[in-house]
Amino acid sequence: MNRCASFARLRAWLRVLLTCLIVATHAAAAPETPRSKPPSTGLMPWSADERAAVLRHGPWPQAPAADAGHAGNRWAASPAAQKLGKALFFDPRLSGSGAVSCASCHQSQRAFTDGLRRSVALAEVIQGTRTGAAVGLASDGLLERNTPSLINAAQQRWMGWDGAADSLWFQALRPVLNPREMGGSLAQMRAVVLADQALSQQFRRAFGQPASALDDEAAAVLMAKAIAAYIGTLTSERTPFDAFRDALARGDDRAAARYPMAAQRGLKLFVGRAQCALCHVGPQFTHGEFADIGLPFFVRPGQVDPGRQAGILALLDSRYNLLGPFADRPQGAATNDAARNKTALLSPQHRNFGEFKVPGLRGVAQTAPYMHDGQLPDLSAVVRHYTQLNPERLHTDGEQILRPLDLTPDEQQDLVQFLHSLSPQGRHDDQTRLRDPERKKLR
Amino acid sequence: MAGASVLGMLPGVVFGVLMLGTHAAAREQTPVSKEPPALHCAMSASSVPHLIQAAGGPVQVFVLPEPAPIPVGKFFKLSLLICERTAAGELRGWSAAQPRLQAVQAEMPAHRHGMNYTPSWRALEPVAAGGAGLTTTVQGLMFHMPGHWRLTLTFELPATHIGQAPQLLRISHDEQVR
């Protein structure tokens with residue numbers, strides 16, 4: 001009797017289980033849009049190789065690698081240092097004229113760029129007390145390069161378009177001291193903290209000693225490490241691409257099908273025929289190294305921007321690099337080795353001339369204009385560049401796989417749609433332009 | 001009674017199986033960094049995952065990357081074991097006239113470029129007690145792009161006869177990096 005009852009319960013359970021499976025199968029197979037309309041959603045066929053290629057671009061977010069921006073900065077995770085760094089980031093007193101702060105070019109409302117083709121930095125030029133020519137600016141009063149975004153900067157191995165800094169704290173120091181950017185000095189940096197009671201307290205709280213107990217250089221480096229700690233908090237949010245990528249990873253095709261078809265087509269090109277993912281690979285969509293992509297790099301007639309070549313020389317020449325006396329040496333040989341190796345083992349090569357850093361693409365739609373000198377106004381122009389690439393412009397020692405992609409207009413549009421999907425939902429503003437009238441007149 | 005017990009557990013088992021499936025689907029392969037296994041001349045390449053085996057002239061090389069598989073855009077190192085290959089194909093440790101590791105290079109043939117970093121290593125030294133062959137660790141390699149890389153190790157083989165000059169021996173291995 002008991003056995004009969006048990007079998008009856010077993011049959012009932014199996015029936016329930018079978019029903020669940022049938023319902024689930026139906027639900028998975030059911031189209032999300034009526035068949036009469038062309039599908040704007042759905043899942044394209046993705047081969048195993050394609051899926052593997054997509055999966056390489058995540059998961060997101062990720063912690064910075066040991067050899068990335070926080071290398072040599074033991075204060076990077078300190079909330080007190082981050083708080084001080086934020087205050088310093090927005091403080092124009094660090095500049096020679098007292099008029100320019102880090103935030104003047106790295107504006108939070110523009111994804112920490114300035115929206116300009118090339119940077120306007122120098123306080124004296126803005127104020128009209130010096131001419132751009134006097135400090136080596138181009139004839140239009142601008143610096144040679146586009147202001148890069150600071151979002152995810154802590155994830156990067158090299159800083160700046162030429163990688164002239166091997167850590168975020170070194171990079172934070174460079175524009176402050178550069179006479180063409182903020183025009184400040186080590187002494188002035190320390191003086192700003194000494195003269196401000198609130199900053200002095202924050203400094204002591206962050207580093208356990210007052211700035212007055214340190215010399216100018218030591219105090220300024222710690223201030224730069226605080227700024228870097230703050231910049232390290234600027235990370236990008238998850239995006240529609242991440243939802244798609246993670247759905248593929250867990251085999252959830254139904255969730256993956258919510259990713260727009262145009263973005264899927266663009267992604268297929270990105271990891272496939274267009275070969276974008278050879279350089280824009282990994283969770284940040286960059287291998288973190290440098291490339292010559294056939295763009296003109298003349299700064300002015302007769303003068304070129306040497307890019308990575310000059311960046312390496314400047315890096316190795318600086319006492320603020322990771323081999324220098326100010327880089328913190330963390331416990332643990334592996335971490336230490338990875339951080340120092342990248343600088344110690346750098347191999348300058350002829351092909352570095354005219355190379356620039358391959359930028360990460362997360363949030364790329366928010367950081368127009370594009371390329372090292374901002375010469376391409378929007379993402380369509382970027383895709384068009386690769387479509388119509390002129391091989392004659394490529395350095396003879398440069399990347400040999402670059403060829404014109406010859407994408408159709410529809411394919412170009414798909415690629416742009418995919419790039420938009422690398423921004424958090426609803427932030428696709430690659431047409432943002434400067435509104436500040438003071439800067440406008442300098443453009 | 002036993003049947004009732006099993007049936008009573010069924011909902012839990014079904015739930016457990018479903019949960020297990022969900023977890024398995026969500027779980028992703030992540031590189032695991034473990035202590036590399038000890039290399040020795042008598043080993044079979046298939047006995048160690050990701051072990052690279054290459055040969056040229058009298059030299060047999062076992063190369064173990066760490067982490068493995070070799071990641072894109074991240075530094076990795078190579079543990080090397082160099083064994084002597086006799087004319088009969090037997091592998092053994094070096095006795096006298098040992099080779100010297102002169103260069104470690106890698107390039108992407110299709111791209112015609114190499115690495116952006118110059119690897120470093122210490123001179124080959126005999127494997128610790130009880131082993132055979134010569135060993136070293138090469139640091140600071142990075143394959144910064146996915147695709148086909150060619151790793152080339154250059155050895156200087158000492159002169160074995162009076163008047164003979166040392167010879168250079170290059171041993172290459174092709175690796176598809178994903």
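Summarised in this report is the structure supplied together with it. Just so we're clear, the structure is a prediction, and the values are computed from it rather than from any experiment.

**Remarks on the overall build of chain B**
When helices and strands are counted, chain B shows 1 helix and 11 strands. Listed by position from the N terminus, the elements making up chain B come as α-β-β-β-β-β-β-β-β-β-β-β. Here chain B holds 178 residues, and the buried ones make up 39% of them.

**Side note on empty space enclosed by the protein**
Using the criterion set out here, one finds 5 cavities of 30 Å³ or more in the structure. In this structure, the second largest cavity spans a volume of roughly 50 Å³. Together, A:Glu289, A:Phe290, A:Arg308, A:Ile312, A:Leu346, A:Ser347, A:Asn352, A:Glu355 and B:Asn116 line the second largest cavity. Looking at side-chain class alone, the lining of the second largest cavity contains 3 nonpolar, 3 polar and 3 charged residues.

**Observations regarding the state of the cysteines**
Residues and elements named next belong to chain B. This model, assessed by the stated rule, comprises 1 disulfide over all chains. In this model Cys41 forms its disulfide with Cys83; the gap between the sulfur atoms is 2.1 Å. Here the S-S torsion is close to -100°, and the disulfide linking Cys41 with Cys83 is therefore left-handed. In this pair, Cys41 sits in the loop between α1 (2-26) and β1 (52-56) while Cys83 sits in strand β3 (residues 75-85), placing the two residues 42 residues apart along the sequence.

**Re the nonpolar core**
Within the largest apolar cluster, 80 residues are counted, with the highest numbers of intra-cluster contacts made by A:Leu267, A:Phe270, A:Phe418, B:Val59, B:Ile82 and B:Phe155. For this core, the element with the highest residue contribution is helix α12 (residues 261-271) of chain A, accounting for 6 residues. Judged by nonpolar contacts, the second largest core, of 59 residues, contains A:Val100, A:Leu173, A:Ala220 and A:Ile227.

**Overview of the packing of helix α15 (residues 379-387) of chain A against helix α16 (residues 409-420) of chain A**
Residue and element names in this part refer to chain A. As a packed pair, α15 and α16 sit with axes 9 Å apart at the nearest point and diverge in direction by 130°. In terms of axis orientation, α15 runs oblique to α16. Regarding α15 and α16, the two cross each other, and that crossing is right-handed. Contacts between α15 and α16 involve Leu379, Ser380, Val383, Arg384 and Thr387 from the former and Gln412, Leu415, Val416, Leu419 and His420 from the latter.

**Considering the sheet that holds strand β5 (residues 100-108) of chain B**
The pairing of strands in a sheet comes from backbone hydrogen bonds and takes either a parallel or an antiparallel form. All names here are of chain B. Pairing in this open sheet of 4 strands is antiparallel, and the strands run β6-β5-β10-β11 from one edge to the other. Of all strands in the sheet, those with a lone pairing partner are β6 (113-114) and β11 (167-177), marking the two edges. Relative to strand β10 (residues 147-157), β5 runs antiparallel, the two sharing 7 bridges. Following the sheet pairing, Glu107 is matched in β10 by Arg150.

**Considerations on the environment of A:Ala277**
Tracing the sequence through the fold places A:Ala277 in the loop between α12 and β1 (290-291). Here the alpha-carbon distance between A:Ala277 and A:Ala164, two residues 113 residues apart in the chain, equals 25 Å. Other than its neighbours up to four places away in sequence, A:Ala277 contacts A:His57, A:Phe270, A:Val271 and B:Pro146.

**Focus on the packing of aromatic side chains**
Residues and elements named next belong to chain A. Going through the model one piece at a time under the given rule, you end up with 18 aromatic pairs over all chains. For the pair Trp46 and Phe244, a centre-to-centre distance of 5.5 Å together with 55° between the ring planes defines the contact as tilted. A residue pair is termed long-range when its members are at least 10 positions apart, and Trp46 in the loop between α1 (2-29) and α2 (48-55) and Phe244 in helix α10 (residues 240-249) qualify at 198 residues. Here Trp46 matches Phe244 in class, with each residue buried. In this structure, Lys225 packs its charged tip against the face of Trp169, placed 4.7 Å from the ring centre. The ring of Trp46 has Lys268 lying over it, and the distance from NZ or CZ to the ring centre is 4.5 Å.

**Side note on the packing of helix α7 (residues 186-195) of chain A against helix α8 (residues 197-207) of chain A**
Residue and element names in this part refer to chain A. Look at α7 against α8: their axes get within 5 Å of each other, and the N-to-C directions meet at 105°. Classified by the angle their axes make, α7 and α8 are roughly perpendicular. Of the residues in α8, those in contact with Val192, Val193, Leu194 and Ala195 of α7 are Gln197, Leu199, Ser200 and Phe203. In the contact of α7 with α8, the residues fall into 6 nonpolar, 2 polar and no charged.

**So, the pattern of salt bridges**
A side chain with one charge can pair with a side chain of the opposite charge if their charged atoms come near. All names here are of chain A. For the structure on display, the rule yields 21 salt bridges over all chains. In this structure, the salt-bridge partner of Asp162 is Arg145, at a minimum N-O distance of 3.0 Å. One end of the pair, Asp162, is in the loop between α5 (123-127) and α6 (168-177); the other, Arg145, is in the loop between α5 and α6, and 17 residues separate them in sequence. We classify Asp162 as buried; its relative accessible area is 7%. For the salt bridge of Asp252 with Arg250, the shortest nitrogen-to-oxygen distance reads 3.4 Å. Assessed through its relative accessible area of 26%, Asp252 is described here as partly exposed. If you follow the salt bridges from partner to partner, you end up with Asp67, Arg157 and Glu289 in one network.

**Quick notes on the pairing of β1(B)**
All names here are of chain B. Every second residue of β1 is oriented toward a common face, the buried set being Ile52, Ala54 and Gly56 and the non-buried set Gln53 and Ala55. Here β1 pairs with strand β2 (residues 59-66) via 5 bridges, running antiparallel. If you follow Ile52 over to β2, its bridge partner there is Val63. The loop that links β1 with its antiparallel partner β2 comprises 2 residues; one of these, Gly57, has a positive phi angle of about 55°.

**A closer look at the side chain of A:Thr286**
Within the secondary structure, A:Thr286 is located in the loop between α12 and β1. Assessed through its relative accessible area of 12%, A:Thr286 is described here as buried.

**Quick look at the environment of A:Leu186**
Residue and element names in this part refer to chain A. Tracing the sequence through the fold places Leu186 in helix α7. Between the C-alpha atoms of Leu186 and Arg329, which are 143 residues apart in sequence, the distance is 23 Å. When sequence neighbours within four positions are dropped, the list of residues in contact with Leu186 reads Leu173, Leu177, Asp216, Glu217, Ala220 and Tyr320.

**Here's the deal with unusual backbone geometry**
All names here are of chain A. Of note, the amide linkage connecting Gly58 to Pro59 takes the cis form, showing an omega dihedral of -5°. Cis geometry is adopted by the peptide bond preceding Pro369, which originates at Ala368 and carries an omega value of -5°. Structurally, the position occupied by Pro369 is in the loop between β4 (356-357) and α15. Backbone geometry at Met371 places phi at a positive 80°, although glycine is not the residue there. In this fold, Met371 is placed in the loop between β4 and α15.

Rules used in this analysis
- Per chain, the residues get numbers from 1 upward, laid out in the order the sequence is written.
- Each chain takes a letter, starting from A, and each ligand takes a number, starting from 1, following the order in which they are written.
- It should be noted that, the model being predicted, local features are given only for residues of pLDDT at least 70 and side-chain atom pairs only at 80 or more, the latter also being counted only at that level, while totals for whole chains, interfaces and linings use all residues.
- Side-chain figures throughout are based on the complete set of non-hydrogen atoms in the structure, without hydrogens or water.
- Under the DSSP-based scheme used, a helix requires at least four consecutive residues in state H or I and a strand at least two consecutive residues in state E, with every element numbered from the N terminus.
- For each residue, the accessible area found with a 1.4 Å probe, counting protein chains only, is set against the maximum for its type, and the residue is called buried under 20%, exposed over 50%, and partly exposed in between.
- Site definitions follow a grid-based scheme: protein atoms alone, a 1 Å grid, a 1.4 Å probe that fits but cannot get out for cavities, and for pockets an open set with protein on both sides within 12 Å along at least five of seven lines, plus lining residues having an atom within 4 Å of a point.
- Grid points are joined across faces, edges and corners, and a volume is the space filled by probe spheres set on the points.
- Under the convention adopted here, Pro, Cys and the residues Ala, Val, Leu, Ile, Met, Phe, Trp and Tyr are nonpolar, Asp, Glu, Lys and Arg are charged, and Gly plus all remaining residues are polar.
- Working definition: a disulfide is two cysteine sulfur atoms within 2.5 Å of each other.
- Put simply, a nonpolar core is a bunch of buried Ala, Val, Leu, Ile, Met, Phe, Trp, Tyr and Cys residues held in one set by side-chain atoms that sit within 4.5 Å of each other.
- Only the contacting stretch of a helix is used when fitting its axis, a line to C-alpha atoms as for every element, and angles between N-to-C directions run 0 to 180 degrees.
- In what follows, roughly perpendicular refers to angles from 65 to 115 degrees, roughly parallel to angles under 35, roughly antiparallel to angles over 145, and oblique to any angle outside these ranges.
- With the far helix as reference, a near helix turned anticlockwise by less than a right angle produces a left-handed crossing, and one turned clockwise produces a right-handed crossing.
- Should any heavy atoms of two residues lie within 4.5 Å, those residues are counted as being in contact.
- A pair of strands is labelled paired if DSSP reports no fewer than 2 bridges between them.
- Paired rings are identified among Phe, Tyr and Trp, the last through its six-membered ring, by centres lying within 6.5 Å, and are further divided according to the angle between planes into stacked (under 30 degrees), edge-to-face (over 60) and tilted (the rest).
- The criterion for a charge sitting over a ring is simple: Lys NZ or Arg CZ within 6 Å of the ring centre, and within 35 degrees of the ring normal.
- Between Lys or Arg on one side and Asp or Glu on the other, a salt bridge is scored when a side-chain nitrogen of the former is within 4 Å of a carboxyl oxygen of the latter.

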